[in-house]
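Understanding the architecture of this molecule
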Amino acid sequence: STENLEIEFQHKIDQGYNIEPKDWMPEKYRKTHIRQISQHAHSEIVGMLPEGNWITRAPTLRRKVALLAKVQDEAGHGLYLYSATETLGISRDELIEQLHAGKAKYSSIFNYPTLTWADIGAIGWLVDGAAIINQVMLTRTSYGPYARAMVRICKEESFHQRQGYEIMLTLCNGTEVQKQMAQDALSRWWWPSLMMFGPTDAESTHTELSMKWKIKRKSNDELRQQFIDNTVPQAGILGITIPDKDLKWNEKTGHYDFGEIDWEEFWNVVKGNGPCNKQRLDARRSAYEKGAWVREAASQYAEKQRNKEFT
Ligand code: ACO
């Protein structure tokens, strides 16, 4: 019976076994994964846009090569994650259609503009730094294809984080104007980066079940705290200031206390009304339309190859 299957399923999870595509799984487990992995895939793809904006304006050839490689990695992560989602019985076309129709979510962070070169540093340092904390946890998530995808993705994210931090370090050791640019980027990206971890545990609708199924192994608030604890000393080394007057070390808890996040801003961005939501979706739709001839040519070619095999 389904009940027995569910007990067996939970037992497998509790024992620390991975669930693989052909294993039995509750429908809700499948749906939750389609939701989370596809949101993650969309985030990687939309995430190429804010940084892609600076490829043609990178200050040196070395910076351009590194940024190009990074943005290309994001594309790879997106395709990898779409493939992982497809193992759950949904097609990539459907997923992309959901994104383009504005029905799918992707990370709030990519709806903010990249105004200066220092933003490329801040994104690598903070946004990829936050992504790593979240994704290292996901290398031990219970669904096999997702967990394995995360191992490789985390290795690449760690290169992204370092290239970002190195840009910040260079700017902070540069002229006064360069240092101000770095400070301005930190001031604008700090709070949105904290929002990446999602609503507080009390407000998070999916956490309880996702913890039970070991999809998540740490809660949104735990990961956010871990990110803050890691990042504050790094800002200290750069010599720039985190824009939070309530941020201070708490001897008792062994963590940093921090100020109130603007949740109204967060939900506003998630609902599609952030500074760049429209621009991002327009860019994705237009890229898809302009790429139609490539997809057509590729499938024509594949068709020809298939016919060759039979004659
Ligand atoms: N941006 C947009 N939507 C968000 C965000 C965010 N930063 N955080 C939470 N949400 C959404 C959730 O998707 C969920 O919406 P839904 O019910 O319509 O799917 C809702 O807010 C409630 O949040 P939670 O119950 O906390 O959702 P969940 O348990 O899925 O936790 C989290 C959110 C932590 C983001 C989780 O989905 C996750 O770990 N995802 C994988 C990592 C990822 O997607 N990273 C993308 C950014 S990193 C990068 O691309 C470089």
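Definitions and cut-offs
- Residues numbered from 1 in each chain as written.
- Predicted model: local features only at pLDDT ≥ 70, side-chain atom pairs only at ≥ 80, totals over all residues.
- Heavy atoms only, no water.
- Helix = DSSP H or I, 4+ residues; strand = E, 2+ residues; numbered from the N terminus.
- Rg over C-alpha atoms; globule rule 2.2 N^0.38 Å.
- Buried < 20%, exposed > 50% of the residue type's maximum accessible area, 1.4 Å probe, protein only.
- Contact = heavy atoms within 4.5 Å.
- Areas by Shrake-Rupley, 256 points an atom, 1.4 Å probe, with all protein chains shown as cover.
- Lys, Arg positive; Asp, Glu negative; His and termini not counted.
- Charge placed at Lys NZ, Arg CZ, Asp CG, Glu CD.
- Salt bridge = Lys/Arg side-chain N within 4 Å of Asp/Glu carboxyl O.
- Near = heavy atom within 4 Å.
- Polar contact = N/O pair within 3.5 Å; in protein donor to acceptor, adjacent residues only side chain to side chain.
- Nonpolar A, V, L, I, M, F, W, Y, C, P; charged D, E, K, R; others polar.
- Expected span 1.5 Å × (residues − 1).
- Bend = angle between axes of the 7 residues up to and from the residue.
- pLDDT = per-residue confidence, 0-100.
- Phe/Tyr/Trp six-rings, centres within 6.5 Å; stacked < 30°, edge-to-face > 60°.
- Axes fitted to C-alpha atoms, helices over the stretch in contact; angles between N-to-C directions.
- Left-handed = near helix turned anticlockwise from the far one by under 90°.

Under an unreviewed UniProt entry, the protein has the name 1,2-phenylacetyl-CoA epoxidase subunit A and belongs to Agaribacillus aureus.

With that settled, consider the overall build of the protein. Within the protein one finds 13 helices and two strands. Against the compact-globule benchmark of 19 Å for 311 residues, the protein has a radius of gyration of 21 Å, which places it among compact chains. With respect to the three principal axes, the spread of C-alpha positions in the protein is 70 × 50 × 30 Å. Expressed as a percentage of its 311 residues, the buried residues of the protein come to 47%. For the protein, long-range pairs separated by at least 24 residues make up 76% of all intrachain contacts whose partners lie at least 6 apart in sequence. Of the accessible surface of the protein, which amounts to about 16300 Å², a share of 54% is contributed by carbon and sulfur atoms. For the protein, the centre of its 40 positive side-chain charges and the centre of its 41 negative side-chain charges are spaced 4 Å apart.

As enumerated under the stated definition, the model contains 18 salt bridges in all. Here arginine 224 makes a salt bridge to aspartate 221, at a shortest N to O gap of 2.8 Å. Pair noted here: arginine 224 and aspartate 221 are both in helix H10 (residues 220-238), with a separation of three residues, about one helical turn. Through salt bridges with shared partners, a single ionic network connects Glu51, Lys70, Glu74 and Asp128.

Right, let's get into the site of the ligand. Lining the immediate surroundings of the ligand are 30 residues, of which Gln39, Lys105, Ser204, His206 and Lys216 lie closest. Between lysine 216 and the ligand, the recorded distance is 2.7 Å, taken from a side-chain N or O atom to an oxygen atom. Going through the elements one at a time, helix H2 (27-46), helix H6 (117-138), helix H7 (144-172) and helix H11 (263-273) are the ones with two or more residues in the shell around the ligand. For the shell around the ligand, the residue count by class is twelve nonpolar, 13 polar and five charged.

The next thing to look at is the environment of tryptophan 263. Counting through the fold element by element, tryptophan 263 comes out in helix H11. Its relative accessible area of 19% is what places tryptophan 263 among the buried residues. Taking the C-alpha atoms as reference, tryptophan 263 lies 9.3 Å from threonine 200; in sequence the two are 63 residues apart. Those residues in contact with tryptophan 263 that sit more than four places away from it in its chain are Gly198, Pro199, Thr200 and Arg224.

A few words now on H7. Taking 1.5 Å of rise per residue, 29 residues should cover 42 Å, and H7 covers 42 Å from first to last C-alpha, within 8% of that figure. Residue isoleucine 153 marks the point of greatest curvature in H7, where the axis turns by about 25°.

Predicted coordinates in areas of low pLDDT are best not read in detail. Averaged over every residue, the pLDDT of the protein is 97; the share at 70 or more is 100%. Across the interface, the model reports ipTM at 0.98; the global pTM reads 0.96.

Below, the discussion takes up helix H1 (residues 2-14). In this model H1 runs 18 Å from its N-terminal to its C-terminal C-alpha over 13 residues, within 8% of the 18 Å that 1.5 Å per residue would give. The inward-facing, buried residues of H1 abut H2 and helix H9 (207-212). One or two positions beyond H1, positive phi appears at glycine 16, with a value near 90°.

Turning next to the side chain of arginine 63. Along the chain, arginine 63 falls in helix H4 (residues 61-86). On the basis of relative accessibility, which here comes to 12%, the residue arginine 63 falls in the buried class. Polar contacts involving the side chain of arginine 63 include one to the side chain of threonine 170, which spans 3.1 Å.

Glancing now at the packing of aromatic side chains. In this description, a pair of aromatic rings is defined by centroid distance and the angle of the planes. Enumeration according to the criterion identifies 13 aromatic pairs in this entry. Aromatic pair tyrosine 29 and tryptophan 213: ring centres 5.5 Å apart, planes at 80°, arrangement edge-to-face. Here tyrosine 29, found in helix H2, pairs with tryptophan 213, found in the loop between H9 and H10; they are 184 residues apart in sequence, far enough to count as distant. According to the relative accessible area criterion, tyrosine 29 is buried, its value standing at 0%. Given a relative accessible area of 7%, tryptophan 213 falls into the buried group. Between phenylalanine 197 and phenylalanine 227, the ring centres sit 5.6 Å apart and the planes meet at 45°, which makes this aromatic pair tilted. Residue phenylalanine 197 is located in the loop between helix H8 (176-195) and H9, and its partner phenylalanine 227 is located in helix H10; the two are separated by 30 residues in the primary sequence.

Before going further, it helps to examine the packing of H4 against helix H5 (residues 92-100). When two helices pack together, their arrangement is captured by the angle between the axes and the distance separating the axes. Their axes nearest at 9 Å, the elements H4 and H5 cross at an angle of 115°. When you trace H4 past H5, the crossing you get is right-handed. Side by side, H4 and H5 meet where Leu79, Tyr82, Ser83, Thr85 and Glu86 of the first sit next to Arg92, Leu95, Ile96 and Leu99 of the second. Its residues assigned to classes, the contact of H4 with H5 comprises five nonpolar, two polar and two charged.

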